[in-house]
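# Reading the structure
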Amino acid sequence: MNLRETAKDLFLETLRHLSIEEAMTVRVKISGTTLSVGRYEYNIATFRRVFLVSMGKAAVPMLDSMLSRVGPLLRNDQELRGIAVGSSLPSKADPRVQYLKGDHPLPGVTSQHAADAILRLLSQSDSETLVLFLISGGASAMVEMPLDPTIALEESTAFHKALVHSGLPIQQMNALRKHFSRVKGGRLAVAAHPATQSTLLISDVPNNLLHIVSSGPSLPDPSTVSECRKILRDHRASLQLSPDLLHFFEAAWLEETPKADHPAFRKAAWTSLLSSDDLCSIAGMFAASRGFHVVVDNTCDDWDYREAAPYLLEKLRSLREQYPRICLLSAGELSVPLTKLHGTGGRNQQFALECAKLLARDGLHGTVLSGGSDGVDGNSSAAGGVCDETTASRAEAAGWNMWNALERFDSFPLLEAIGDVIMTGPTGNNVRDLRILLSE
């Protein structure tokens, strides 16, 4: 088996073992009528009602797993209601739950319906209510309602599209999203006040930044209005927001998002269910079992892909001088600023092709795989791509120009033509991207 196939096997094996149910078994436990979520405990018998609000790409499996634990604890006089807004609908619906198939990657009509339904449910919360928020990546688009009700859906969609294509770091994008929205940046926690609240997150961000998972709808937000205004001043040309949106962010009435001292968070807690740490841990275990020396380096998280590629390849070359078989793992998301005219692909395939270019140019030996744990890379049907020092010559032999594909952000057709795309289909999970670099 060549190293390209080995890398593919490692990636697919990692995704198969990245199980929501397994993580729930470890982090969510039942003892009598007590529900333990991480280190927090809730006596279900003391609540009159339990609300489950699940949103994001893993909304349905997270809800199903929590329902199977909480449901049996409830007495007949206790109420359970829920809303799930995800990338798919369940094969078997629970009559106590309203299910919506969310819009993604940009908000649409369903996004506003979902936000309205969640706000209406939370408005019925009181001090005898337990609200369980189940949050995974993708909910920023799936649940949205502008803070200013006069902003039309088309304007909201254009705003989100501008952010996605801006190349801004995720923290800056989410600061803007939070202050634009009625449901982000802790505002759902405020809507649920004075209920007891517990948020369980599948994190598609660095672990110390849980408040930006799906724009932190139920967590306190440290970003500020003044920070948003500075981002807009510094990036006005690349964002190209409409005059109406610029006026919104400059308006004197624009509210700050709720901070950690807000009363809504006095009875609130949050726990990470799965994260990119789990992604690296599982991949590293399988790589070690195949005889590789495993190193994890997430330094280039959120870097421009053109900076991350030479950094990781140089790290691989250096490690190869010390160990006969090396597996370098790197989790997180890279920035790929797009031009208005771009082809089919995504950040993972673009990164893989950039590595192929450097391997060919510098005469290096190595294999690089980059894939999304959600199974979707950009506007393509692939999860990502894999390359090695032969990619450029194989592409040329098949009639493709790798340099042109890179310039046009059109990586998918080339990689598909030479059999180097990674196809998984949507996984219903999202803990960021994984890069696997192998050498022997």
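Refer to the preceding data block for the structure.
Residues numbered from 1 in each chain as written. Predicted model: local features only at pLDDT ≥ 70, side-chain atom pairs only at ≥ 80, totals over all residues. Heavy atoms only, no water.

### A closer look at the side chain of Ser203
- Looking at where Ser203 falls in the secondary structure, it is placed in the loop between strand 8 (196-202) and helix 9 (225-234).
- Those residues in contact with Ser203, other than ones at most four positions away along the chain, are Leu210, Val213, Ser272, Leu274, Ser275, Ser276, Asn430, Val431 and Arg432. (Helix = DSSP H or I, 4+ residues; strand = E, 2+ residues; numbered from the N terminus. Contact = heavy atoms within 4.5 Å.)

### Observations concerning the nonpolar core
- Counting 55 residues, the largest nonpolar core has Met66, Leu273 and Ile436 as the members making the most contacts within it.
- Beyond its immediate chain neighbours, meaning those up to four positions away, Met66 contacts Met24, Val28, Leu52, Leu132, Leu134 and Leu200.
- One finds Val85, Leu168, Val183 and Phe249 within the second-largest nonpolar core, a separate group that totals 53 residues. (Core = buried A, V, L, I, M, F, W, Y, C linked by side-chain atoms within 4.5 Å. Buried < 20%, exposed > 50% of the residue type's maximum accessible area, 1.4 Å probe, protein only.)

### Some thoughts on the side chain of Arg4
- Turning to its location among the elements, Arg4 is positioned in helix 1 (residues 3-16).
- Assessed through its relative accessible area of 15%, Arg4 is described here as buried.
- Among the polar contacts listed, one links the side chain of Arg4 to the side chain of Asp420, at a separation of 3.5 Å.
- Apart from residues no more than four positions distant in its own chain, Arg4 is found in contact with Thr367, Val386, Cys387, Asp388, Thr390, Arg394 and Asp420. (Polar contact = N/O pair within 3.5 Å; in protein donor to acceptor, adjacent residues only side chain to side chain.)

### Brief notes about the sheet that holds strand 2 (residues 34-37)
- What the three strands build is an open sheet, ordered 1-2-3; its pairing is antiparallel. Two strands bound the open sheet, and with one partner strand each, they are strand 1 (28-31) and strand 3 (40-43). Between one strand axis and the next, the sheet turns through 20° on average, direction left out of account.
- Of the pairings in the sheet, the one linking strand 1 to strand 2 comprises four bridges and is antiparallel in character. Opposite Lys29, over in strand 2, you have Ser36 as the bridge partner.
- Across the sheet, helix 2 (residues 20-27) is in contact with strand 1 and strand 2; its angle to strand 1 comes to roughly 50°. (Pairing = 2+ DSSP bridges. Axes fitted to C-alpha atoms, helices over the stretch in contact; angles between N-to-C directions.)

### Topic: the sheet that holds strand 13 (residues 384-388)
- Read across the sheet, six strands follow the order 10-11-15-12-13-14 without closing on themselves; strand pairing throughout is mixed. Each edge of the sheet is formed by a strand with only one pairing partner; in this case those strands are strand 10 (293-296) and strand 14 (421-422).
- Sheet topology places strand 13 next to strand 14; two bridges connect them, and they run antiparallel. In the sheet register, Gly385 faces strand 14, and the bridge partner there is Val421.
- Its contacts with the sheet put helix 1 on strand 12 (367-372), strand 13, strand 14 and strand 15 (433-439), and the angle it makes with strand 15 is roughly 145°.
- Sheet strands in contact with helix 12 (residues 276-289) are strand 10, strand 11 (326-331) and strand 15, and its direction is about 170° off that of strand 11.

### Section: the packing of aromatic side chains
- The final tally for this structure, using the stated rule, is seven aromatic pairs.
- Ring geometry for Trp303 and Tyr311: centres 5.1 Å apart, planes at 65°, overall edge-to-face.
- By relative accessible area, Trp303 is classed as partly exposed at 27%.
- For Tyr311, a relative accessible area of 26% gives the class partly exposed.
- One aromatic cluster in this structure is built from Phe159, Phe180, Phe248, Phe249 and Trp253.
- Between the NZ or CZ atom of Arg325 and the centre of the ring of Phe292, over which it lies, the distance is 4.0 Å.
- The ring of Phe351 has Arg435 sitting right over it, with the charged end atom 5.9 Å from the ring centre. (Phe/Tyr/Trp six-rings, centres within 6.5 Å; stacked < 30°, edge-to-face > 60°. Lys NZ or Arg CZ within 6 Å of the ring centre and 35° of its normal.)

### Some remarks on the packing of helix 13 (residues 305-320) against helix 14 (residues 347-362)
- Relative orientation of the contacting elements helix 13 and helix 14 amounts to 55°, with a least axis distance of 9 Å. Considering the angle they form, helix 13 stands oblique to helix 14. For helix 13 against helix 14, the interelement crossing comes out right-handed. Residue-level contacts link Tyr305, Arg306, Ala308, Ala309, Pro310, Leu312 and Leu313 of helix 13 to Gln350, Phe351, Glu354, Cys355, Leu358 and Leu359 of helix 14.
- Its residues placed into classes, the contact of helix 13 with helix 14 shows 10 nonpolar, one polar and two charged. (Parallel < 35°, antiparallel > 145°, perpendicular 65-115°, else oblique. Left-handed = near helix turned anticlockwise from the far one by under 90°. Nonpolar A, V, L, I, M, F, W, Y, C, P; charged D, E, K, R; others polar.)

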